[in-house]
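# Notes for the structure review
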Amino acid sequence: MIQIRNYRPTDFSQVEDILKLGGLFYEQIDNARALEKKIEHNPDTIIVAVENERVLGTEVIVPDFFPFIFRLAVHPAFRKKGVGRQLMQRGEEILRSKGYEHVNILVASNDLELQEYYQKQGYEKGNTYTWMYKEFK
Ligand SMILES: CC(C)(COP(=O)(O)OP(=O)(O)OC[C@H]1O[C@@H](n2cnc3c(N)ncnc32)[C@H](O)[C@@H]1OP(=O)(O)O)[C@@H](O)C(=O)NCCC(=O)NCCS
C-alpha cells in the first residue's frame, strides 16, 4: 500500500535519483544538507510517497507568505498510478492545515501536457514570468 509520509534524511539517495530522473535536481538547492535544514523546524515540508519503504515520489512544500509546492516528481516506473495526485493532495492539505488559503506552482511555459495535468487538479494559469536567479559567491 502506498503511504505518504514526511521525508527522512535516510531517504536522500532515493529522492535524489527521482529528482534527477525528473530533471529537477539542482545540486546547490537539493543537496542532503539543504533538505535536512529545511525539515529541522518544519518536518512536514518535504514529503515522500513510499511502498514498503521504497520511495516512489517526492514533493517540497514552501509554507510562507506566498505558499508554493515545488519538486513534484514520481519515479518513471511508478507514474500514471495516481502517486503524483496523492502527493499534491497531501501537500495542499498540509498548507490548509497551516492556515493558507491558496497554493502556487511553477510549470515550464512550454510544457503544455504538465499544465493540463495541473489544470485537471484545479490549478488555474497565472501570468508567465521568466525565471531569474543570482548565486551568492
Ligand atoms: C508530473 C508527474 C509528477 C506526475 O506523476 P504521476 O504519478 O504520473 O501522476 P498521476 O498518476 O497522479 O497522474 C498522471 C496521469 O495518470 C492518470 N492515472 C492516475 N491513476 C491511474 C491509474 N491507476 N491507471 C492509469 N492512469 C492513471 C491520471 O489520471 C493522470 O492522467 P491525466 O493527466 O490524463 O488525468 C510525473 O510525470 C513526473 O515526475 N514528471 C517529471 C517531473 C516533473 O515534471 N515534475 C513537475 C514539476 S512542476
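Everything here concerns the structure above.
Residues numbered from 1 in each chain as written. Predicted model: local features only at pLDDT ≥ 70, side-chain atom pairs only at ≥ 80, totals over all residues.

## Notes on the overall build of the protein
Here is the rule: Think of it this way: any DSSP run of H or I at least four residues long counts as a helix, any run of E at least two long counts as a strand, and we number them from the N terminus. All radius of gyration figures rest on C-alpha atoms, and the globule criterion is 2.2 Å times the number of residues raised to 0.38. Every C-beta atom is placed from the backbone, and the number of other C-beta atoms within 10 Å of a residue's own sets its class: buried at 20 or more, exposed at 12 or fewer, partly exposed in between.
When you go through the protein residue by residue, the secondary structure sums to 5 helices and 4 strands. Going from the N terminus to the C terminus, the protein shows its helices and strands as β-α-α-α-β-β-β-α-α. Scaling as 2.2 N^0.38, a compact globule of 137 residues should have a C-alpha radius of gyration of about 14 Å, and the protein matches this with 15 Å. In terms of its C-alpha atoms, the protein occupies a principal-axis envelope of roughly 40 × 40 × 30 Å. Here the protein, with 137 residues, has 22% of them falling under the buried criterion.

## Brief notes about the sheet that holds strand 4 (residues 68-74)
The cut-off we apply is this: DSSP-based pairing: two strands are paired if at least 2 bridges between them are found. Between N-to-C directions, angles span 0 to 180 degrees; the directions come from axes that are lines fitted to C-alpha atoms, helices contributing only their stretch in contact.
In spatial order, the strands read 1-2-3-4; together these 4 strands make up an open sheet with antiparallel pairing. Looking at strand neighbours, the two that pair on one side only are strand 1 (3-6) and strand 4, the edges of this open sheet. Between one strand axis and the next, the sheet turns by 20 degrees as a mean value, whatever way the strands run. Pairing analysis gives 6 bridges linking strand 2 (residues 46-51) to strand 3 (residues 54-62), with the strands arranged antiparallel. From the neighbouring strand, A49 faces strand 3, where its bridge partner is G57.

## Here we look at the pairing of strand 4
Remark: a regular strand shows side chains that alternate across the two faces of the sheet. For strand 4, the tally of buried residues reaches 5 of 7 residues, placing the bulk of the element in the interior. Note: strand 3 against strand 4, 5 bridges, orientation antiparallel. Looking at strand 4, one finds that V62 is bridged to F68. Between strand 3 and the antiparallel strand that follows it, strand 4, lie 5 residues.

## Quick word on the site of the ligand
Put simply, the test is: We call a residue near a molecule or strand when its C-beta atom, built from the backbone, sits within 6 Å of it. Any residue outside Ala, Val, Leu, Ile, Met, Phe, Trp, Tyr, Cys, Pro, Asp, Glu, Lys and Arg is labelled polar, Gly included; the first ten of those are nonpolar and the last four are charged.
Near the ligand, the surroundings consist of 16 residues, among which G22, R79, G82, G84 and R85 are the closest. Of all the secondary structure elements, the ones that give two or more residues to the shell around the ligand are strand 4, helix 4 (83-97) and helix 5 (112-119). A per-class count over the shell around the ligand returns 8 nonpolar, 3 polar and 5 charged.

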